[in-house]
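Listed below are the residues making up each chain.
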Amino acid sequence: KFTNKNTKQTAKMDLKKDLKLLKNDIFRNISDGIENLGLISLQLMLGGLQEMVRRQEQRNESVFYGLLTRKKMIQVTRDCFAEIVRISRNICFEYGKSNLSMLKKLSSRKVLKLTDQLKNESLDGALQKRAIVFVEQKFTAESLCRILEEFARLDGSLSHMTPDFAYSPGSNLNCKDPKQRELINQERKKLKDTLAKFKAGSTNTIVSTSVIEEGLDVRSCNLVIKFDFPQTFRSYVQSKGRARAKPSQYILMVSETDQIMKRRQYQEFQDVEQLSLRECHFKEHEESVFDSDSEPPYLAEPDNPESARINGSQALQLVYKYIQKVPVDRFTRLTPVWVVEKVIGSLQDDLFAGLGASSSSGYVVTCHMPHKTPFTAPVRGPVMPDKKLAKRSTALQICRLLHEYEELDNRLKVKKREVVEEDEDDEDVDEYNPNQRKTGTKRKRRFYLKEQIDKLKCEDEGPFFLHAVKMKLFQPNVNFKYSIYHPEQDEASFGLLTSTALPDIGPFELHSPSGIHTATISYSKQVPISFNQLSLAKLFHQYIFTSVLKITNLMNFKGKDLLLVPLRNGELDLQLLKRFLDSSPSKKLHLSAESKEFVIYPTYKKKKEHYFIEEIISFMNIRSQIPGENNTFEEYFLEKYGKELQDKNQPLLRISSADKRPYMLIPTETKTKKKNKKDLYNTTLFVPELMGIERISAGLWKQAQMLPFILHRTSSLISASKLLEDLSYKVSPTPLILDKFPESDLKHLFVKLLEVRKSSHPNKTLPSTGNILQALTLKAANDCFDMERLEVLGDVFLKFSTGVFLYYKSLEQEDFNGDEGDLTTKRSKIVGNKNLFKIAENLDLAQKMVSSQMEPHSTWISPGYEMLELENRIIGLDAQFDEHLNGEKKQSLSVGSLLSWLTEEDLGEMESKTGSELLSLAAERCVENKPGGIKMKNFKLISDKSQADCVEALIGCFLLNSDQTGALEFMAKIGIDLSANNSSENVIKRVPSQSSVFMHFSPQSDAFCDDHVRLNDQGKALSLYLKLDAQKIESIIGYTFKEKSFLLQAFTHASYGDNRLTESYEKLEYLGDAVLDYLVTAYIYTHTRAGPGRITDIRSALVNNNMFASIIVQTGLHPYILHYTPMLQNKIQAYIEDREKDRMTTAEDEIDRSLGLINEVEPPELEMVEVPKVLGDVFESLIGAVYIDSGHDLMKVWEIYSKLCPQLNLVLDNPPVNMKKQLMEKFPSKVTFTSKPNSVGKVTVSAKIAIGTQHYEFRGLGMNKALATVAACKLALRKLN
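Every chain's residues receive numbers from 1 upward, in the order its sequence appears when written. Local features in a predicted model are, by the rule used here, given only for residues with pLDDT of at least 70; side-chain atom pairs are given and counted only at 80 or more, and totals for whole chains, interfaces and linings are based on all residues. To obtain the side-chain values, all non-hydrogen atoms of the structure were used and water was disregarded.

**Comments concerning the overall build of the protein**
Segments assigned H or I by DSSP are reported as helices when at least four residues long, segments assigned E as strands when at least two residues long, and all are numbered from the N terminus. Each helix and strand in the protein was counted, giving 44 helices and 30 strands. In summary, the protein has a C-alpha radius of gyration of 42 Å against a globular reference of 33 Å for 1281 residues, an excess of more than 25%. Seen through its principal axes, the protein has C-alpha atoms that stretch 135 × 80 × 75 Å. Two residues qualify as a contact provided that any one of their heavy atoms is within 4.5 Å of a heavy atom in the partner residue. The long-range fraction of contacts in the protein, counting pairs at least 24 apart against all pairs at least 6 apart in sequence, stands at 75%. We get accessible surface area from the Shrake-Rupley algorithm with a probe of 1.4 Å; when it comes to residues, only the shown protein chains can shield them. Surface summary for the protein: the accessible area is close to 62,100 Å², and the carbon and sulfur share equals 50%. Positive charges are assigned to Lys and Arg, negative charges to Asp and Glu, while His and the chain termini are left out of the count. For this purpose, a charge sits on NZ of Lys, CZ of Arg, CG of Asp or CD of Glu. Once the 175 positive and 170 negative side-chain charges of the protein are each reduced to a mean point, those two points are 4 Å apart. All radius of gyration figures rest on C-alpha atoms, and the globule criterion is 2.2 Å times the number of residues raised to 0.38.

What follows is the structure, given as structure tokens:
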């Protein structure tokens, strides 16, 4: 029994619709068919009618009125239909076998008359007959078509006839139901195919309803027969106009008994037709389409003569259309209630009305709009003379209010909610963008010129500031097979010359093969440098990067960057610099006590290879046999190089390579065992006489090998420091170091993430430059740290804080007035990767990011060097690469794809080859799948999404160091100002805050709709609290609400019209979802060392509608949900019964079972739903209510959540495998996915699985591709298990 007007009206309309459907679609169709077409219509349509009855039986669970009533209706339908079929078959049996004679006896006279008209194959003029037979009903169209097919088969005089039928697609179908929407699409395709066949001549007779009377072009028709006499003049004119070909005929069929009346009506049609033609010729102006008795039309813009406008009848249609567009769950239907009152005015009013004045007597209609519309009070229209006009007048009032609430746009169309509006300046049309990759995505990549840091420049004019680079062996590698070098014991070291004094940097670790080193850069002093000394310093600098490190191939030295200089005991080593004045060939090696300090190279080799001397082997000389060979060293060099060695007794040298390029930013696994003496000399040995020596010592050479990594760290830290300075943060003068985040005390860290500092203070903790650098370092950089975990934390805090901001802004009418769909759309626009990328662009974040592995020989640009001309040419060729590819290869292209198909050898031939030759060569490799691979030195290639991720990581970085307020202040500086005094429009426009103080929102005082409710409906509120049994809910969750209206809203479903004091739960659900997402992620982050993928899997298992539904039922909160939806109640009951029936023995199995159930939002078909979404939604809305009522106390919310969710730590320790991984493991290499957006703003993903000869396809729905993929996988696993 329903007490609410809207719910009663919904049930009443649903019952009326179903009753009408059963009567008309089944019994009236049978009756009309027998009367108009004969008993043969029933026989030929028996299968279709039986299917119709079966479909109605399947709808038993999806009705809005009593199931008992529904079952009785179906039973009566089934019994009556069975009796009709029995009688029909008995009659047909009496006529004997199926033949032409029986067909004529079972057909009506009208059908036989029609066949006479269709017998002749052509009209006068030898034109082939193309006929359209118009009927009123869909059933009649299909039945008559089947009858004509039988006549064409059995009657030779009609064998030329090829009939088909047509009717309006979607008749009696709900376009919101995915399954029925599919039927509508099939019917549309059928209509299109039928008309195409008719036009081509393969079909020459169409039996159709009025669907092709108007709007559809059927020029080939030359015979129109109105089997059912036209009901209106419009139908007469439109059907007559279908006979386009010449000559043509138009025939009206009437029974003999109706001839007189129909002839009169036909004459009236002709008279009106003639009158209309005359009027059209002499018409002077457009007449008003609005009724004179109704109210004036509503204009969207009264001052604009071209304004959109609607009259009363259009307004009525618009009200229903608007309600259909309001988003609700799949079990709920919203219905307005129209209450008609007769108003009797005074006698005096009636007298005045007789004289032409308006009367106060008549009818008034009051409309009670359902929940989730902006109206909390009924809308009452003016007094009108009749009921129809009164209803239309009220509808006009509603449309006016909807327009004021911005639910209708200025075209008076219902505003679309699903699509996030694109920025007008979204894409740069002049920018090379193969396959039109979307801004903010992973596949949209761009080239960025690497940042030239001003602090790391050295101008020729000075001043010159000297900085000492100090290295120390911190932890030797005990397994290192060569001599271990201690740089801290060496008098020689490196210094840096800059024109700006640098802050002290370090210490930070470097992992060389000999062990872990620490490096620091410290300011020494300002030094005077002469022009000659500067020139020598430049020569030394070039020598280190070109001859020692060999990393300047194809590069040009331009100067201006920092200069590398040699130091001895901390002072500039002028003696060493002077060696670079001597351009004569390097000295030859003469053995002495200092020989082991030399770096040597074989003079007999064309390519210069450098080595360290590990040992002078005095017991071996050039006459000794080469290990593993049959000849001596003396014989070998004479035969191979023509070198006759002079000193026969010179010892040999055991060496180690000085040209190795170890990666020093992360620890390397060293499992090499020390060689024994015998193995030690079973290697390449050198002859001293053939060796040349380099200008610097072995110690300085070894330090030089660490220099690129030291300089890389230095520039990265300074760049991170500059980011803070650019945002007006006061950077501490302490050394720039790589330090870890404060994650030692996990419990304390978790509490810190939940606390909110209400005001800013001058001594707040800022992230260190090392922390910032971590947030700017991608995983692809292969460093000892990256931004991945920070990005997860920043992402969830951004969504949480944006959710809170938009929730409170939605309460302010002047900011924006929207439902949870609008909130979700706005949040998506703020937190989306596209918006975050644009923020990253504003910050020049790409310049500061560490996006790829630091490789001195391929990705690192040596100070003072550049290869801009070469790399600019490569970028130019990359923009032409798509012109040389086709098909799938072309579709896979993005910016920078060319780099994968060029080689280092190609770079050396850039000057000798044309661009077309290089592109053709690269395209050939691409087609043959023979990748090359080059990397850029002056440029970075970074995706938009990576930059967006770094913005999130920076937010996470500030959150960990500076708490929520610090993170919010940082967000405000970069253009995500979520302060209470800001507007949502400014946030969407990315307007940075100019204030140094962040203003938090004060908690909402109550959930009531307006002040009228607060002042006048407290008694009603108390009544609803009692009906809700608020105290019982509070005892279950362990929390007493200070303001019960929040609890009332949290448990109010959109169908529950008795509560007009608050809105339904959707906005609180939106808020609760954001709160839970943040709390659970923070807990996982602080209680595990899981990576982002693992964090996502754990969070997905804990924060999902199925898990929340399980909690609601498990704790016994489901009976308190206030709703009036029988379908929903049936689903909840079925869910509870299934839980009891399938109860699992272990908690892990119960979690897996819950997660594997099909949620309401996942399948296209409603019948597949196992978990009604409302259960999980109410849990989220309850959390949102507690968050507000507790004064935004996240710790209190966490206490309640952790109490209600005992599975928390179980999932944390052993998270379930996600659905996609389960499916891929079950059917390896047999699953493919395809995706496409659908018409309701969601994404559909199809999972196609090939098992032997069987092929399966499962379609899942979701708000994004990831969720839709999970849904498809879940459906597949449920079916195939």
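**Overview of the pairing of strand S6 (residues 223-226)**
Consecutive side chains of a regular strand alternate in pointing toward one face of the sheet and then the other. Summary of the burial criterion: residues with accessible area below 20% of their type's maximum are buried, those above 50% are exposed, and those between are partly exposed, where the area comes from a 1.4 Å probe applied to protein chains only. The side-chain alternation of S6 yields two buried faces, one formed by Leu223 and Ile225 and the other by Val224 and Lys226. Strand pairing is defined by DSSP finding a minimum of two bridges between the two strands. Taken together, the 4 bridges between strand S3 (residues 131-134) and S6 define a ladder with parallel strand orientation. Paired with Phe134 across the two strands is Lys226, which belongs to S6. Bridge count between S6 and strand S7 (residues 249-252): 4 bridges; the pairing is parallel. Paired with Leu223 across the strands is Gln249, a residue of S7.

**A few points about the environment of Arg445**
Within the secondary structure, Arg445 sits in strand S13 (residues 445-449). Take Arg445: its relative accessible area is 24%, and that puts it in the partly exposed class. For the purposes of these results, a polar contact is taken to be a pair of N or O atoms within 3.5 Å, where, inside protein, one atom must be able to donate a hydrogen and its partner to accept one; residues adjacent in sequence count only when each atom of the pair is a side-chain atom. Polar side-chain contacts of Arg445 include one of 2.8 Å to the backbone oxygen of Val895.

**Some remarks on the packing of aromatic side chains**
Pairing of aromatic rings covers Phe, Tyr and the six-membered ring of Trp, with a centre-to-centre limit of 6.5 Å; geometry is then stacked below 30 degrees between planes, edge-to-face above 60, and tilted otherwise. This model, assessed by the stated rule, comprises 41 aromatic pairs. Measuring from ring centre to ring centre gives 6.0 Å for Tyr663 and Phe709, while their planes differ by 75°; the resulting arrangement is edge-to-face. In this pair, Tyr663 is assigned in the loop between strand S23 (651-657) and helix H17 (677-680) and Phe709 in helix H18 (residues 698-726), connecting sequence segments 46 residues apart. Each member of the pair, Tyr663 together with Phe709, is buried. Site record: aromatic cluster; members linked through ring pairs are Phe229, Phe233, Tyr236, Tyr250, Tyr266 and Phe269. Between the NZ or CZ atom of Lys110 and the centre of the ring of Phe227, over which it lies, the distance is 4.6 Å. Remark: a charge is flagged as sitting over a ring if the NZ atom of Lys or the CZ atom of Arg is within 6 Å of the ring centre and within 35 degrees of the ring normal.

**Things to note about the sheet that holds strand S4 (residues 163-166)**
Spatial strand order, S4-S5-S3-S6-S7: 5 strands in an open sheet with parallel pairing. Of all strands in the sheet, those bounded by a partner on one side alone are S4 and S7. With strand direction ignored, the average angle separating the axes of adjacent strands in the sheet is 15°. Most of the contacts of helix H7 (residues 138-154) go to S4, to which it runs at about 175°, and overall it touches S3, S4 and strand S5 (205-208). Each axis is a line fitted through C-alpha atoms, and for a helix only the stretch in contact is used; angles between axes span 0 to 180 degrees, taken between their N-to-C directions.

**Description of the sheet that holds strand S30 (residues 1254-1262)**
Spatial strand order, S28-S29-S30: 3 strands in an open sheet with antiparallel pairing. Looking at which strands have only one partner, the edges of the open sheet turn out to be strand S28 (1231-1237) and S30. Within the sheet, the average angular offset between the axes of one strand and its neighbour, ignoring direction, is 20°. Both strand S29 (residues 1243-1251) and S30 contribute to a ladder of 9 bridges, which runs antiparallel. Bridge pairing links Ala1250 to His1255 in S30.

**Some thoughts on the side chain of Thr205**
Mapped onto the elements, Thr205 comes out in strand S5. For Thr205, the side chain forms a polar contact with the side chain of Asn204, separated by 3.1 Å.

**Section: the nonpolar core**
For this analysis, a nonpolar core means a set of buried residues of the types Ala, Val, Leu, Ile, Met, Phe, Trp, Tyr and Cys, connected via side-chain atoms within 4.5 Å. If you look at the biggest cluster of nonpolar residues, it comprises 231 residues, and the most contacted ones within it are Ile544, Leu845, Phe881, Ile976, Phe1051 and Tyr1201. The element contributing the most residues to this core is helix H29 (residues 944-974), with 15 residues. Residues in contact with Phe1051, not counting those within four places in the same chain, are Leu1028, Ile1033, Leu1117, Tyr1120, Ile1121, Leu1122, Val1178 and Leu1182. Counting 47 residues, the second-largest nonpolar core is a separate cluster that includes Val53, Phe81, Val133 and Phe165.

**Structural notes on helix H38 (residues 1126-1141)**
Here the expected span of a helix is defined as 1.5 Å times the quantity of residues minus one. Helix length check: H38, at 16 residues, gives a terminal C-alpha distance of 22 Å against a target of 22 Å (1.5 Å per residue), a fit within 8%. All of the buried residues in H38 are Pro1126, Met1127, Leu1128, Ile1132, Tyr1135, Ile1136 and Arg1139. Contact partners of the buried residues in H38: helix H37 (1105-1114), helix H39 (1147-1156) and helix H40 (1173-1189).

**Digging into unusual backbone geometry**
A cis amide bond, omega -5°, links Gly462 with the succeeding residue Pro463. In this fold, Pro463 is placed in the loop between S13 and strand S14 (465-476). The omega torsion of the bond from Gly506 to Pro507 falls at 10°, within 30 degrees of zero and hence cis. In this structure, Pro507 sits in strand S16 (residues 505-512). Here Glu406, not a glycine, exhibits a phi torsion of approximately 65°, which is positive. Assessed through its relative accessible area of 53%, Glu406 is described here as exposed. Positive phi, close to 65°, is recorded for Arg990, a residue that is not glycine. Here Arg990 is to be found in the loop between helix H30 (984-988) and helix H31 (1011-1016).

**So, the packing of helix H1 (residues 5-36) against helix H3 (residues 46-58)**
At a minimum axis separation of 11 Å, H1 and H3 run at an interaxial angle of 165°. In terms of orientation, H1 and H3 fall into the roughly antiparallel class. Where H1 crosses over H3, the handedness of that crossing is left-handed. Between H1 and H3, the contacting residues are Leu21, Leu22, Asp25, Ile26 and Ile30 on the first element and Leu49, Met52, Val53 and Gln56 on the second. Here the nonpolar group is Ala, Val, Leu, Ile, Met, Phe, Trp, Tyr, Cys and Pro; Asp, Glu, Lys and Arg are the charged ones; every other residue, Gly included, is treated as polar. Class assignment of the residues belonging to the contact of H1 with H3 gives a composition of 7 nonpolar, 1 polar and 1 charged. By definition in this entry, angles of less than 35 degrees are roughly parallel, angles greater than 145 are roughly antiparallel, angles of 65 to 115 are roughly perpendicular, and the rest are oblique. In this scheme the handedness of a crossing depends on how the near helix is turned from the far one: anticlockwise by less than a right angle means left-handed, clockwise means right-handed.

**A closer look at helix H13 (residues 387-404)**
Here H13 spans 26 Å end to end across 18 residues, near enough to the 26 Å set by a 1.5 Å rise per residue. Taken residue by residue, H13 has Leu389, Ala390, Arg392, Ser393, Thr394, Ala395, Leu396, Ile398, Cys399, Leu401, Leu402 and His403 as its buried positions. Buried residues belonging to H13 abut strand S8 (298-299), strand S9 (309-310), helix H11 (312-325), strand S10 (337-343), strand S11 (362-368) and strand S12 (379-380). The N-terminus of H13 is capped by Asp386, whose side-chain oxygen sits 3.1 Å from the backbone nitrogen of Lys388. The positive-phi residue at the C-terminal boundary of H13 is Glu406, with phi of around 65°.

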